[in-house]
Every structure is written in structure tokens, then in C-alpha cells.
Amino acid sequence: MATFDDILEEAGKFGRCQKRIFALLCMVSMPWAGVYVGIVFQGFTPDHWCRDSAAVQRREACGWSREESRSLTAPLLNISGVLQRSSCLRYEVDWNVTESSCDPRETERGANPTAGCTEGWEYDYDGRQSFVTEFDLVCSDGWLVDLYQATLNVGFLIGSIAIGYLADRFGRKMSFLMSNVLNGIAGILVAVAPNYISLLVFRTLYGFGVKGGWVAGYVLITEIVGVEFRRTVGVIYQMFFSVGILILPLLAYFITDWRWLQVVITVPYILFLSYYWFIPESPRWLLSQNRKSKAVKITKDMAKENRKTLSKMIETLSDDNADSSTTSFMDLIRTPKMRRHTLILSFNWFTSAVVYQGLIMRLGILGGNVYIDFLISGLVEFPAAFLILFTIERIGRRLPFATANIVAGASCFITAFIPDRMFWFKTVVACVGRLGITMTFEMVVFVNTELYPTFVRNFGVSVCSTLCDVGGIVAPFLLYRLAVVWLELPLIIFGCLAFVAGGLVLLLPETRGVPLPDTIDDIEFPERVKEKTKLQTQQLANLLPNSNVSSCKEPAAV
């Protein structure tokens with residue numbers, strides 16, 4: 001009986017067909033960047049102060065600047081040791097009875113009592129509009145902005161589980177297409193939401209489809225390429241998320257309304273529906289569903305596009321996972337090493353999400369040019385993929401994984417204490433941290449797969465990665481609420497999390513050059529695997545005494 005991997009030897013492990021499908025699916029990662037971190041622009045909170053309609057009339061009559069007008073309406077407050085004009089309080093002044101002088105120095109109101117913003121706010125955001133300025137989500141309502149990102153991650157959490165199940169039940173291609181139908185509908189609903197409550201509901205639905213569709217595409221492309229290409233394909237698939245990160249600030253700069261930016265981010269998901277005619281179903285999944293004839297037809301089409309000829313071995317094609325065992329959560333925590341792997345990997349998923357999202361969203365509250373800052377920080381993500389591909393087969397997995405975490409943590413700590421006057425140095429250090437956490441985020445995906453046995457591998461990755469979505473829910477609250485206390489306080493928290501994550505990674509075993517485990521015993525007693533491999537090598541040497549078996553390389557992990 002021939003497995004699908006055996007047939008790929010003849011059909012082409014990464015031929016023209018797979019490259020075409022891979023190129024199409026990589027496009028899916030780009031709009032996801034806009035969904036994932038678009039809050040930086042769509043939810044941007046500009047400088048603001050209480051609106052006083054009478055003061056606005058006086059400003060227009062006297063020709064005052066906005067800053068002069070603000071100095072007459074907003075009291076000075078000591079905020080983190082710095083005197084600043086209040087964004088949430090105003091002087092109580094009856095401008096209809098006050099003197100009519102147009103000299104701002106003669107109309108100072110320092111002795112007047114203060115009150116809250118009863119007429120809304122004015123924003124230093126000429127010609128642009130975010131949902132913050134549209135719905136006045138500032139001051140006591142500022143925490144509602146956090147919910148915009150939190151509800152998205154709630155959708156991610158539920159959607160990745162639900163669509164993951166549907167992908168196993170109804171196929172990778174169908175789940176991918178149905179998620180994009182949902183993405184198109186929910187994305188447009190977000191753009192036309194009449195109020196903030198409906199916006200949050202539609203945002204949750206949006207998250208439900210976006211991540212599940214992205215994962216379905218990831219699984220599909222890794223299932224149709226040869227074993228040795230899976231890791232490279234997976235890393236590059238994620239790297240196109242960074243391409244989306246670079247495109248996003250350019251779009252946001254030229255599209256000044258958050259609703260139209262939402263439409264532009266959503267349009268690609270509607271276009272992805274055309275993939276119905278361009279990508280096939282996974283032959284591996286079809287085999288697992290006993291749909292051999294369809295799997296054979298797709299495989300023959302792939303071979304034809306790759307200009308390869310299949311032998312009659314295709315007729316013996318069978319599912320190489322037909323005898324897979326039933327899995328449960330207890331399989332992940334029942335034995336000591338499996339339990340350790342689960343806890344460490346889950347914490348790393350959580351940390352990667354918190355620190356990665358936190359560092360990106362922090363760009364929106366720093367007060368600089370958010371478009372330039374976002375573009376620069378996006379550029380530093382590209383070396384991450386190349387560093388991973390360069391180091392994992394030369395150095396291993398554990399050391400680069402731990403180092404990336406520790407570098408990210410150290411960068412967060414150092415950035416927090418660099419004075420603002422050393423702007424470029426602070427920016428460089430922050431970018432190094434962004435590079436480190438990007439490497440961590442991309443590495444945790446495949447390290448997770450290498451530390452679980454075959455029958456529980458997909459389930460284990462799904463369980464651990466749910467902590468990524470939990471981290472995404474927590475991240476905006478950590479960032480925005482702690483930054484009110486001290487702008488750099490979130491960086492201290494991020495640094496602590498990354499340091500702990502890096503130290504825990506050192507407790508994991510190295511998997512470079514180690515065959516993928518098949519059973520829990522392979523995890524708990526790795527020395528038995530080494531003995532079994534050594535015995536198999538010796539038996540092969542006895543059968544082929546003239547061959548130089550000892551010179552063969554160890555099988556690389558998938």
C-alpha cells in the first residue's frame with residue numbers, strides 16, 4: 001500500500017502546482033494583518049479636549065488657534081509628573097456674560113471651577129476619523145476601545161476551534177471558502193455598524209471567520225507538499241503577514257476614514273472566493289474520509305501540472321493515518337513530560353500574543369508619526385523568517401527559541417528606561433524587541449508540532465494555541481490601562497513575560513534531527529527511540545554489509 005507521501009515522490013514534492021497554490025494562499029496572510037492590528041489606525045485616539053460651543057464661537061470670532069482656545073477651556077493637571085492640559089475636564093465659564101476681549105492673556109480662567117465634558121470633545125485630527133472620534137470613546141469610555149480588540153480575539157478563539165472541526169469534517173477547501181463568505185459579510189457589517197455595540201458584535205463574527213480561514217489555508221498547503229518543504233512553506237506563509245503589516249500604514253495614510261479602511265481590508269476576502277476554481281481539496285483529507293477516487297484524481301492533476309508521470313502505485317494509495325487513536329485533553333497532561341510540554345508551550349503562545357500585539361498597539365499611543373513608526377517596525381519582521389530558516393537546522397530549535405524570547409524581554413526592559421530625548425536609540429532597541437517576539441511567534445507553531453506524538457499532534461497544537469487568543473484578549477487591557485499609570489509600565493510587564501517564557505523554553509528537549517514521536521512513550525522515554533533507531537540502523541547494516549550506512553544523515557523532523 002502506498003501513502004500520499006510515497007506518491008508525492010512521483011508527483012512532485014513542491015512542483016509547479018504546489019507553488020501556484022502556495023502563492024495564492026500566501027495572499028490570505030496579508031489582509032489578516034489589517035484585521036489583527038488595524039486598531040492602531042482604525043481606533044487611533046488623537047489629542048482631545050472638552051468641547052465648549054460658546055468657546056468655539058469666541059475662537060472663531062477672535063481668530064484664536066485651537067491651542068489658544070484649549071488653554072482657556074482645559075485646566076492644567078499634573079499627569080505622571082508632567083503638567084498637561086486635561087482631556088476630560090473643562091473650566092466652567094459662561095462665555096455669554098464674560099468679557100469680550102480677544103486677548104487670550106486677558107481671559108485666563110485658572111481660578112474657575114472645573115466640570116466634566118458635557119458637550120463632547122474636540123479632536124486634533126483634522127480631515128481624519130477613527131471610531132474613537134466618531135463614538136467619543138475617550139476619558140471614562142476609553143476602556144471600550146480595549147473591547148474592540150478583545151472581541152476580535154474572542155472570535156479568533158471560538159472560530160479557530162469551530163472551523164478547525166469543520167475543516168476535519170467537511171474539508172479544508174470548503175471550510176476556507178465558507179470562512180471567507182463570513183469574512184466578507186462580517187467585514188462589511190463592521191464598516192456600516194450604526195453604533196458601537198453592533199460594531200463589537202460584528203467584530204466578533206469577523207474574528208470567528210478570519211483566523212479559522214487562515215488556519216485552514218495553512219493546513220491545506222502543508223498537506224500537499226513534501227515533508228522536507230513543510231517547515232519552509234509554513235514560515236513563509238506566516239511571513240506574508242509581515243507584508244500586510246507594511247501595506248497597512250500606506251493604506252491608512254491615504255484612506256482617512258476608518259470605515260473605508262475597513263472596506264478595503266475586507267475586499268480581499270471576497271476575492272478569495274474565486275479560489276474555488278484555483279485550489280484543490282487536500283488529497284490527504286479525502287483519503288481520511290475514504291474518498292480515494294477523488295484523491296487519486298486530484299493527485300493525477302497535480303502530477304500533470306508538475307509534468308510528472310505516475311506509476312501504477314497510485315492505485316494502491318491509502319490513508320497513512322487510518323489507524324489514528326481517539327484523543328482527549330487528558331492525553332496532554334496525564335504523563336510528566338507531556339504535561340510539562342503542554343504548560344510551557346501554552347505559556348509561550350500566551351506570551352507571544354500579549355507581547356506582539358502589545359508592541360504593535362503601543363505605536364498608536366506614543367505620540368509620534370504613527371505611519372512612519374508602524375512602517376519601520378514592520379520592516380524588522382522580515383529578518384525573523386530568514387533567521388529562523390538559517391538557525392533551526394544549524395543550531396537547533398531550543399536555543400534560538402529561548403534567545404528570541406530573552407532578547408524580546410531585554411529590549412522591552414531597556415526601552416522602558418531610555419529617555420525620550422534619545423529617540424532613535426529607543427526606536428532601534430524597540431525594533432530589536434519586535435524582531436525577537438516575531439521570531440518567537442513564528443517558531444512556537446512548528447516547535448509545538450514536534451513535541452507531540454502523531455495521534456494527538458493536531459489536537460495538542462489547537463489546545464495550546466487557544467492561549468494565543470486569550471493573550472490577545474488580555475493585551476489591549478494590559479497596554480491601554482497600564483499606560484495611563486505610566487506610559488512605559490506595559491513594557492515592564494511584557495519584558496517579564498518574555499523572560500519567563502525564554503527560561504521555560506530551555507526546559508524543553510531539542511528536536512533537531514529527531515524523528516517525530518509516534519506515541520506518548522516516545523515523549524516520555526526518548527532514549528528508547530534512540531535505541532530503536534540504532535537497532536534499525538544496525539539491522540540495515542547487516543543486510544547491506546557493503547553499504548556505508550553509518551554515513552547516512554539522521555532523519556530530519558517534520
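Given the structure is predicted, the values throughout are model-derived calculations rather than measurements. (Residues numbered from 1 in each chain as written. Predicted model: local features only at pLDDT ≥ 70, side-chain atom pairs only at ≥ 80, totals over all residues. Heavy atoms only, no water.)

### With respect to the overall build of the protein
Heads up, the rule is: Counting from the N terminus, the helices are the DSSP runs of H or I reaching at least four residues and the strands are the DSSP runs of E reaching at least two. Residue burial is assigned from relative accessible area. The probe radius is 1.4 Å, only protein chains are included, and a residue is buried under 20% of its type maximum, exposed over 50%, and partly exposed in between. Whether two residues are in contact is decided by their heavy atoms: any pair within 4.5 Å suffices. All accessible-area figures derive from a Shrake-Rupley calculation using a 1.4 Å probe, and residue coverage is judged against the displayed protein chains alone.
Broken down by element type, the protein carries 24 helices and six strands. In the protein, which comprises 558 residues, the proportion classed as buried is 52%. In the protein, the share of contacts with a sequence separation of at least 24, taken over all contacts with a separation of at least 6, comes to 80%. Accessible surface for the protein amounts to roughly 25400 Å². Of this, 63% is attributable to carbon and sulfur atoms.

### Details of helix α18 (residues 382-391)
Within α18, the full set of buried residues consists of F382, A384, A385, I388 and T391. Residues of α18 that are buried make contact with α11 (230-254), α17 (370-379), α19 (398-417) and α20 (423-450).

### Comments concerning the state of the cysteines
What counts here: Only a pair of cysteine sulfur atoms within 2.5 Å counts as a disulfide in this structure description.
Under the defined criterion, the tally for this structure stands at two disulfides. Between the sulfur of C50 and that of C117 lies a disulfide, 1.7 Å long from S to S. Looking down the S-S bond of the C50 and C117 bridge, the torsion is -55 degrees, so its handedness is left-handed. Of this pair, C50 sits in strand β1 (residues 48-50) while C117 sits in the loop between β5 (114-116) and β6 (121-123), placing them 67 residues apart in sequence. Through a disulfide, C88 is tied to C139; the S-S separation comes to 2.0 Å.

### Considerations on the packing of helix α3 (residues 29-37) against helix α12 (residues 258-271)
For the record, the criterion: Axis lines are fitted through C-alpha atoms, for helices just across the contact stretch, and the angle between N-to-C directions can take any value from 0 to 180 degrees. Left-handed describes a crossing in which the near helix is turned anticlockwise from the far one by less than a right angle; the clockwise case is right-handed. Just so you know the grouping, Ala, Val, Leu, Ile, Met, Phe, Trp, Tyr, Cys and Pro go in nonpolar, Asp, Glu, Lys and Arg go in charged, and all remaining residues, Gly too, go in polar.
Packing of α3 against α12 brings their axes to within 9 Å, and their N-to-C directions diverge by 145 degrees. Here α3 runs over α12; the crossing is left-handed. Between α3 and α12, the contacting residues are P31, W32, G34 and V35 on the first element and I265, P268 and Y269 on the second. In terms of residue class, the contact of α3 with α12 is made up of six nonpolar, one polar and no charged.

### Digging into the nonpolar core
Note the cut-off: Here the nonpolar core consists of buried residues drawn from Ala, Val, Leu, Ile, Met, Phe, Trp, Tyr and Cys, with membership extended through side-chain atoms lying within 4.5 Å.
Ranked by size, the top nonpolar core spans 135 residues in total, and within it L25, F41, F131, F176, Y196, L199 and F374 carry the most contacts. Sort the elements by how many residues they give to this core and helix α16 (residues 336-362) lands first, with 12 residues. Contacts of F131, omitting those with residues within four sequence positions, involve I39, Q42, G43, D136, L137, V145, Y148, Y196, L199 and W258.

### Here we look at a nonpolar patch on the surface
To be explicit about the condition: Think of a patch as exposed residues, more than 30% relative accessible area, with no salt bridge, where like charges cluster within 9 Å and nonpolar side chains (Val, Leu, Ile, Met, Phe, Trp, Tyr) cluster within 5 Å. What counts as a salt bridge is simple: a side-chain nitrogen of Lys or Arg found within 4 Å of a carboxyl oxygen of Asp or Glu.
Among the surface-exposed residues, Y165, L166, F170, M174, M178, V181, I185, I188, V192, I270 and L273 lie close enough to one another that they form a single nonpolar patch of about 970 Å² accessible area. Every element with two or more residues in the nonpolar patch is listed here: α8 (143-170) and α9 (172-191). Sorting elements by how many residues they give to the nonpolar patch places α9 first, with five residues. Examined against the element boundaries, I185 turns out to sit in helix α9. The exposure class of I185 is exposed, given its relative accessible area of 51%.

### Thoughts on the packing of aromatic side chains
How two aromatic rings sit relative to each other is set out by the distance from centre to centre and by the angle between their planes. Spelled out, the test is: Pairing of aromatic side chains requires ring centres within 6.5 Å, counting the rings of Phe and Tyr and the six-membered ring of Trp. Pairs whose planes differ by under 30 degrees are stacked, by over 60 edge-to-face, and all others tilted. Two conditions define a charge located above a ring, namely a distance within 6 Å from the ring centre to NZ of Lys or CZ of Arg, and an angle within 35 degrees of the ring normal.
For the structure on display, the rule yields 31 aromatic pairs. Consider the rings of Y36 and F241, whose centres lie 5.8 Å apart with planes at 75 degrees: the pair is edge-to-face. Taken as a pair, Y36 in helix α3 and F241 in helix α11 lie far apart in primary sequence, 205 residues in all. Under the relative-accessibility criterion, Y36 is labelled buried at 5%. For F241, a relative accessible area of 9% gives the class buried. Members of the aromatic cluster, joined through ring pairs, are W32, Y36, F156, W214, Y218, Y237, F241, Y356 and F441. A cation over a ring is seen here: R128 above Y253, with NZ or CZ 5.5 Å from the ring centre. Over the ring of F170 we find R169; its NZ or CZ atom is 5.0 Å from the centre of that ring.

### Some remarks on helix α10 (residues 196-223)
Side chains that are three or four residues apart share a direction in an α-helix, a result of its 3.6 residues per turn. Put simply, the rule reads: For a helix, the expected span equals 1.5 Å multiplied by the residue count minus one. Polar contacts here mean pairs of N or O atoms no more than 3.5 Å apart (in protein, one a potential hydrogen donor and the other a potential acceptor; neighbouring residues in sequence count only if both atoms are side-chain atoms).
Between its first and last C-alpha atoms α10 spans 41 Å; for 28 residues at 1.5 Å apiece the expected length is 40 Å, and the two agree. Most of α10 is tucked away: 21 of the 28 residues are buried. Residue N195 occupies the N-cap position of α10, its side-chain oxygen lying 3.3 Å from the main-chain nitrogen of I197.

### Observations regarding the side chain of R231
Relative to the helices and strands, R231 is located in helix α11. What makes R231 buried here is its relative accessible area of 13%. Here E393 takes part through its side chain, which lies 3.2 Å from a polar atom of the side chain of R231.

### Looking at the pattern of salt bridges
For the structure shown, the criterion picks out 19 salt bridges. In this structure, R59 engages E122 in a salt bridge whose closest nitrogen and oxygen atoms are separated by 3.0 Å. With R59 in helix α5 (residues 53-62) and E122 in strand β6, this residue pair connects regions lying 63 residues apart in the sequence. Residue R59 is classed as buried on the basis of its relative accessible area, which comes to 11%. Its relative accessible area of 7% is what places E122 among the buried residues. Between E381 and R434 there is a salt bridge, with its nearest N and O atoms 2.8 Å apart. Separated by 53 residues along the polypeptide, E381 in the loop between α17 and α18 and R434 in helix α20 bring together distant segments of the chain. Judged by its relative accessible area of 1%, E381 is buried.

### Thoughts on the side chain of T342
Structurally, the position occupied by T342 is in helix α16. Within the structure, T342 has its side chain in polar contact with the backbone oxygen of L332 (distance 2.8 Å). Polar contacts involving the side chain of T342 include one to the main-chain carbonyl oxygen of M338, which spans 2.9 Å.

### Describing unusual backbone geometry
Backbone geometry at C139 places phi at a positive 55 degrees, although glycine is not the residue there. Structurally, C139 can be placed in the loop between α7 (131-135) and α8. Even without being a glycine, R307 presents a positive backbone phi close to 60 degrees. Checked against the element boundaries, R307 lands in the loop between α14 (292-305) and α15 (330-333).

### Here's the deal with the confidence of the model for the protein
Detail in the predicted coordinates should be disregarded across regions flagged by low pLDDT. Selection rule: A score between 0 and 100, pLDDT records how confident the predictor is in each residue.
On average, residues of the protein score 85 in pLDDT, and 89% of them reach the 70 mark or higher. Here helix α24 (residues 526-543) is the element of the protein with the lowest mean pLDDT, 61, and α12 is the one with the highest, 97. Note that residues 547-558 has pLDDT below 50 and, in this model, 18 contacts with residues that lie over four places away or in other chains.

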